[in-house]
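Breakdown of the fold
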Amino acid sequence: MNVIEVPDADDERLADYVRLRDVNLRKSLEAEHGLFMAEGEKVVRRALRAGYRPRSLLLTERRAAALADVVGTVRAPVYTVAESVAERLVGFDLHRGVLASFQRKPLPGVDEVLAGARRVVVLEDVVDHTNVGAIFRSAAGLGVDAIVLAPRCADPLYRRAVKVSMGAVFTMPYTRLDDWHGGLEGLRERGFALLAMTPAPDSVTLAEAVGDGAGKYALLLGSEGDGLSFRWMDQADVRVRIPMAERDVDSLNVTAAAAIACYELVVNR
Ligand SMILES: C[S@@+](CC[C@H](N)C(=O)[O-])C[C@H]1O[C@@H](n2cnc3c(N)ncnc32)[C@H](O)[C@@H]1O
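Residues numbered from 1 in each chain as written. Predicted model: local features only at pLDDT ≥ 70, side-chain atom pairs only at ≥ 80, totals over all residues. Heavy atoms only, no water.

Going by what an unreviewed UniProt entry lists, the chain is known as tRNA G18 (Ribose-2'-O)-methylase SpoU and is assigned to Actinorugispora endophytica.

What follows covers the sheet that holds strand β3 (residues 54-60). Pairing is mixed across the open sheet formed by five strands, whose spatial order is β1-β4-β3-β5-β2. Each end of this open sheet is capped by a strand with a single partner; those strands are β1 (3-5) and β2 (35-39). Recorded for the sheet is a direction-independent mean angle of 20 degrees between the axes of neighbouring strands. Two strands pair when backbone bridges link them, and β2 and strand β5 (residues 98-103) are joined in this way by five bridges, in the antiparallel orientation. Considered in β5, the bridge of Glu 39 is made with Leu 99. Against the sheet, helix α2 (residues 41-49) touches β2, β3 and β5, its axis set at about 25 degrees to β5. (Pairing = 2+ DSSP bridges. Helix = DSSP H or I, 4+ residues; strand = E, 2+ residues; numbered from the N terminus. Axes fitted to C-alpha atoms, helices over the stretch in contact; angles between N-to-C directions. Contact = heavy atoms within 4.5 Å.)

Let us look at the nonpolar core. Within the largest apolar cluster, 51 residues are counted, with the highest numbers of intra-cluster contacts made by Val 121, Leu 123, Phe 136, Ile 147, Phe 170 and Leu 219. Looking at which element gives the most residues to this core, the answer is helix α12 (residues 254-267), with six residues. Counting residues domain by domain, this core receives three or more from each of domain 1 (3-103) and domain 2 (110-267). Non-local contacts of Ile 147, meaning those with residues more than four positions away in its chain, are made with Val 113, Val 121, Leu 123, Phe 136, Ala 139, Met 172, Pro 173, Tyr 174 and Thr 175. (Core = buried A, V, L, I, M, F, W, Y, C linked by side-chain atoms within 4.5 Å. Buried < 20%, exposed > 50% of the residue type's maximum accessible area, 1.4 Å probe, protein only. Domains from an automatic or database assignment.)

A separate point is the sheet that holds strand β10 (residues 204-205). Sheets are built from strands that pair by backbone hydrogen bonding, the pairs being arranged parallel or antiparallel. Pairing in this open sheet of seven strands is parallel, and the strands run β8-β7-β6-β11-β9-β12-β10 from one edge to the other. At either end of the open sheet lies a strand with only one pairing partner, and these are β8 (174-176) and β10. Here five bridges tie strand β6 (residues 119-123) to strand β11 (residues 216-221), and the two strands are oriented parallel to one another. Note that in β11 the partner of Leu 123 across the bridge is Leu 221. Where helix α6 (residues 129-142) meets the sheet, its contacts fall on β6, β7 (146-149) and β8, and the angle it forms with β7 comes to roughly 150 degrees. Together, β6, β9 (192-197) and β11 form the strand contacts of α12, whose direction differs from that of β11 by roughly 170 degrees.

Let's shift gears to the UniProt feature "domain: RNA 2-O ribose methyltransferase substrate binding" (unreviewed entry) in the chain. Annotation from UniProt places "domain: RNA 2-O ribose methyltransferase substrate binding" (unreviewed entry) at residues 37-108. Helix makes up 29% of residues 37-108 and strand makes up 28%, while its end C-alpha atoms are separated by 20 Å. (UniProt positions renumbered as here; feature names shortened; annotations may be inferred.)

A few words now on the site of the ligand. In the vicinity of the ligand lie 19 residues, with Met 197, Gly 222, Gly 227, Ile 242 and Leu 252 positioned nearest. Measuring from a nitrogen atom of the ligand, one finds a backbone N or O atom of Thr 198 at 3.4 Å. In the environment of the ligand, a nitrogen atom lies 2.8 Å from a nitrogen or oxygen atom belonging to the backbone of Ile 242. Protein contacts shield 86% of the accessible area of the ligand, which totals 560 Å² for the unbound molecule. Among the secondary structure elements, those contributing two or more residues to the shell around the ligand are β12 (238-241) and α12. Its residues assigned to classes, the shell around the ligand comprises ten nonpolar, six polar and three charged. (Near = heavy atom within 4 Å. Polar contact = N/O pair within 3.5 Å; in protein donor to acceptor, adjacent residues only side chain to side chain. Areas by Shrake-Rupley, 256 points an atom, 1.4 Å probe, with all protein chains shown as cover. Nonpolar A, V, L, I, M, F, W, Y, C, P; charged D, E, K, R; others polar.)

If you check the domain split of the chain, you get domain 1 (3-103) and domain 2 (110-267). Using C-alpha coordinates to define each centre, domain 1 is positioned 31 Å away from domain 2. The partner domain 2 presents ten residues to the 19 residues of domain 1 that form the contact. Among the residues domain 1 hides against domain 2, the three largest losses belong to Phe 36, Glu 39 and Val 43. Together they make up 33% of the total. At the boundary of domain 1 and domain 2, one finds two salt bridges. Across the salt bridge formed by Lys 163 and Glu 39, the nearest N and O atoms sit 3.7 Å from each other. Applying the counting rule to domain 1 against domain 2 returns two residue pairs in polar contact (both at pLDDT 80 or more). Of all elements in the fold, only α1 (23-33), β2 and α2 reach the threshold of two or more residues within the side of domain 1 that touches domain 2. Taken together, the residues of the side of domain 1 that touches domain 2 sort by class into ten nonpolar, no polar and nine charged. (Buried area = accessible area lost by both parts, 1.4 Å probe. Salt bridge = Lys/Arg side-chain N within 4 Å of Asp/Glu carboxyl O.)

Structure (structure tokens):
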């Protein structure tokens, strides 16, 4: 039986789960071991369905039955702990009571991710994990084919991104460019029109830019603070905007802009 009760938060077997709120510690630990965390029953089930290999599962006593149907089928230990042990271990009240540590898979190459794709989202330096997760969720829900990340964009498999995406990070094909400077050129060579999303009033509207939507489009979205870099703005084929009302609001949150743009580009064409 792979279910193991662990009474002590300092037990080495729980090392994958330590201090989930400590971003720096987690980044180095997750990179070192090639792992990521999934939180909540639904998200853990989605990771399993997507074929990620669990390293272990962690259930609080109250939620010990939550995954009863899969516990016997996973080839990994399932640790059960008291609520107080979970709180000491992860650093907050784990009210969902279900966590799992998964092994990452190697990221596919750009060719593989873009094969057959016609609508893609490209994130430059989006730094907030919750924003990345929300964009994956919208893009997946609205039918975008793939997501491409710039080298400095936040990690979609970081716990907060996974959680906010509700597991969309497991099913949406994505990869990361290793060259920020020249990476966009590769998309153009694969036939994508590069649409730089910006609130600038002298840009054209997204609806005008895509017309009847025939063709292959890459929507480029920029960072929360400064938006797209000059380099990417220059490399784009056209700068496009979602028209804004004149209410002294300069721009939309990047997740809102992404959702509206995906709707316009995918659903509304
Ligand atoms: C918070 S905004 C950045 C604002 C920044 N001051 C700028 O001018 O781009 C983050 C990203 O959301 C997208 N965005 C926000 N509002 C937009 C709009 N009205 N039209 C098109 N894209 C928008 C852009 O891609 C932008 O890089």
